[in-house]
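# Notes for the structure review
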Amino acid sequence: MLKQDLCNLTLKELKSYISEVGEKPFRAKQIYRQIWTNQVSDFEEMTDISLNLRTKLNELATIGTLNLIDLKIGDNGLTRKAIWKTEDDKVIESVLMIYPDRATVCVSSQAGCPMACVFCATGKMGLLKNLSAGEIAEQVLWARREVQKINKEPLEENSHYVNKDNLPKNLSNVVFMGMGEPFNNYKNWWKSVELLHDKDGFNMGGRSFTVSTVGLVPGIDKLAREDIPVNLAISLHTPFDGNRSALMPVNKKYPIATLIKASKHYAKNTGRRVSFEYCLIKGQNDSEDDATALAYLLSNPEKFPCHVNLIPWNPVKDTGLKTITKIAREKFKKILKKHGIPCTVRIERGQDIDAACGQLAGDYSSPHNS
Ligand code: SAH
């Protein structure tokens, strides 16, 4: 019999579960606090609960189901990629990035991805499975524990950048930009946000979350109606439909005009700006014309609250694609700025351990690597 994953239950669900196994419902709150507020990973650590109940829970349930199979450390200890195996043997990855005064974890929402963007390593795998809310949230529980652990360890040679004075004490941001398309697994993904946001538990503020979508318009519309104010990032990557359909098959279903309309609607209804991700690939979407058309797209007929995040494309083998130089990137950025489009370049992390954007491919699941 499969054990019940307690990380997959809201407090309300945990109360019903605890009653079902013949215990008093008030126990649920204690257990919930232990998991989400104290982040215990073992029933043994729940010392406010009787030994009998701890033993019973150990037989019937688990706190999370992910099995850590490897932890790769890059950027002198500031980037950490956790490689997990799910109970049904799928490999997923999460990446923790430490910056001065800030720690961000990038988590997976699916094993593999069905969206098939040609430039993305995960897109080559196809969809293996949707992760449960528990499996998504558990990656964040790990990240918070990991930041606490880092605070107790001696720092590696990073003092010019992250040192003991600006080392973040806690996890500050969660980005749903790992493997998978969150809006293709909306229900479980949103439940994970609710679990992590709950002020009686993990208590992470809505603005600490950013979800990135390939551009599934129904998901954008749905998010606009939710009551937790998470940030939205949309993978745009080119202002031209023909090119976008070639790079991202999803564009055939939700072309650029539909996507921009949904983005404007989202910004208007939530009062929050939309981030557009733009991954620069040599000769594909990096010309002056691309930059000018992008600026035009985002400012006509009128400007709306948005921002462009330029991502240098990270190499993925067998794509035949090439990344662009820093000079070309700065030129692209300058054109956007000239047209008054706010724009930043994403700081690259984790290339040395294949943990950068679009490089998460669960290599451990392929036979020659296992
Ligand atoms: N499915 C979501 C989240 C996935 S990845 C989405 O499509 O938005 C997060 C970001 O990394 C997306 O903008 C994605 O297009 C981008 N990305 C994918 N492959 C990349 C690569 N090789 N280099 C840089 N960015 C990449």
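Quick summary incoming for the structure in this document. Every value quoted in this text rests on a predicted model; they were computed, and no experiment measured them.

On to the pattern of salt bridges. Summed over all chains, the structure comprises twelve salt bridges. In this structure, the salt-bridge partner of Arg80 is Glu146, at a minimum N-O distance of 3.1 Å. Note that Arg80 is positioned in strand β4 (residues 79–85) and Glu146 in helix α4 (residues 133–152), a separation of 66 residues in sequence. Taken as a pair, Arg80 and Glu146 share a single burial class, namely buried. Between Arg346 and Glu277 there is a salt bridge; the shortest N-O distance is 3.1 Å. Highlighted residues: Arg346 in the segment after β14 (343–345) and Glu277 in strand β12 (residues 274–280), separated in sequence by 69 residues. Given a relative accessible area of 16%, Arg346 falls into the buried group.

We now examine the site of the ligand. Glu181, Ser212, Ser235, His237 and Asn314 are the nearest of the 20 residues found near the ligand. Within the side chain of Glu181, one N or O atom sits 2.9 Å away from a nitrogen atom of the ligand. Here an oxygen atom of the ligand and a backbone polar atom of Val214 are 3.5 Å apart. Here the ligand, which alone exposes 530 Å², has 96% of that area covered by the protein. At the level of secondary structure, the elements contributing two or more residues to the shell around the ligand comprise β10 (209–213), β12 and β13 (306–312). Its residues placed into classes, the shell around the ligand shows ten nonpolar, eight polar and two charged.

Side chains that are three or four residues apart share a direction in an α-helix, a result of its 3.6 residues per turn. Within helix α1 (residues 11–20), burial applies to Leu11, Leu14, Tyr17 and Ile18. Across the axial projection of α1, the buried residues extend over an arc of 115 degrees, all falling on one side. Away from the buried face of α1 by more than 90 degrees, exposed residues Lys12 and Glu20 are located. Elements in contact with the buried residues of α1: β1 (4–5), α2 (26–36), α3 (51–60) and β2 (61–62).

Before going further, it helps to spend a moment on the packing of helix α9 (residues 288–299) against helix α10 (residues 326–338). Closest axis-to-axis distance for the α9/α10 pair is 9 Å, and the angle between their directions is 30 degrees. Judged by the angle between their axes, α9 and α10 are roughly parallel. In this structure, α9 crosses over α10, and the sense of that crossing is right-handed. Together, Glu288, Asp290, Ala291, Thr292, Leu294 and Ala295 of α9 and Lys331, Phe332, Ile335 and Leu336 of α10 make up the contact between the two elements. Its residues assigned to classes, the contact of α9 with α10 shows six nonpolar, one polar and three charged.

Tallied over the full model, the rule gives twelve aromatic pairs. An angle of 85 degrees between the planes, with centres 5.8 Å apart, marks the rings of Trp84 and Trp142 as edge-to-face. A residue pair is termed long-range when its members are at least 10 positions apart, and Trp84 in strand β4 and Trp142 in helix α4 qualify at 58 residues. With respect to class, Trp84 is no different from Trp142; both count as buried. Taken together, a centroid distance of 5.5 Å and an interplanar angle of 40 degrees make the contact between Phe183 and Tyr186 tilted. The exposure class of Phe183 is buried, given its relative accessible area of 8%. Taken together, Phe176, Phe183, Tyr186, Trp189, Trp190 and Phe209 form an aromatic cluster joined through their ring pairs. A cation sits over an aromatic face here: Arg102 above Tyr99, 4.1 Å from the ring centre. Between the NZ or CZ atom of Arg144 and the centre of the ring of Phe202, over which it lies, the distance is 3.5 Å.

About the cut-offs
Residues numbered from 1 in each chain as written. Predicted model: local features only at pLDDT ≥ 70, side-chain atom pairs only at ≥ 80, totals over all residues. Heavy atoms only, no water. Salt bridge = Lys/Arg side-chain N within 4 Å of Asp/Glu carboxyl O. Helix = DSSP H or I, 4+ residues; strand = E, 2+ residues; numbered from the N terminus. Buried < 20%, exposed > 50% of the residue type's maximum accessible area, 1.4 Å probe, protein only. Near = heavy atom within 4 Å. Polar contact = N/O pair within 3.5 Å; in protein donor to acceptor, adjacent residues only side chain to side chain. Areas by Shrake-Rupley, 256 points an atom, 1.4 Å probe, with all protein chains shown as cover. Nonpolar A, V, L, I, M, F, W, Y, C, P; charged D, E, K, R; others polar. Arc of directions from axis to C-beta. Contact = heavy atoms within 4.5 Å. Axes fitted to C-alpha atoms, helices over the stretch in contact; angles between N-to-C directions. Parallel < 35°, antiparallel > 145°, perpendicular 65-115°, else oblique. Left-handed = near helix turned anticlockwise from the far one by under 90°. Phe/Tyr/Trp six-rings, centres within 6.5 Å; stacked < 30°, edge-to-face > 60°. Lys NZ or Arg CZ within 6 Å of the ring centre and 35° of its normal.

That's the geometry; what it means functionally is another story.
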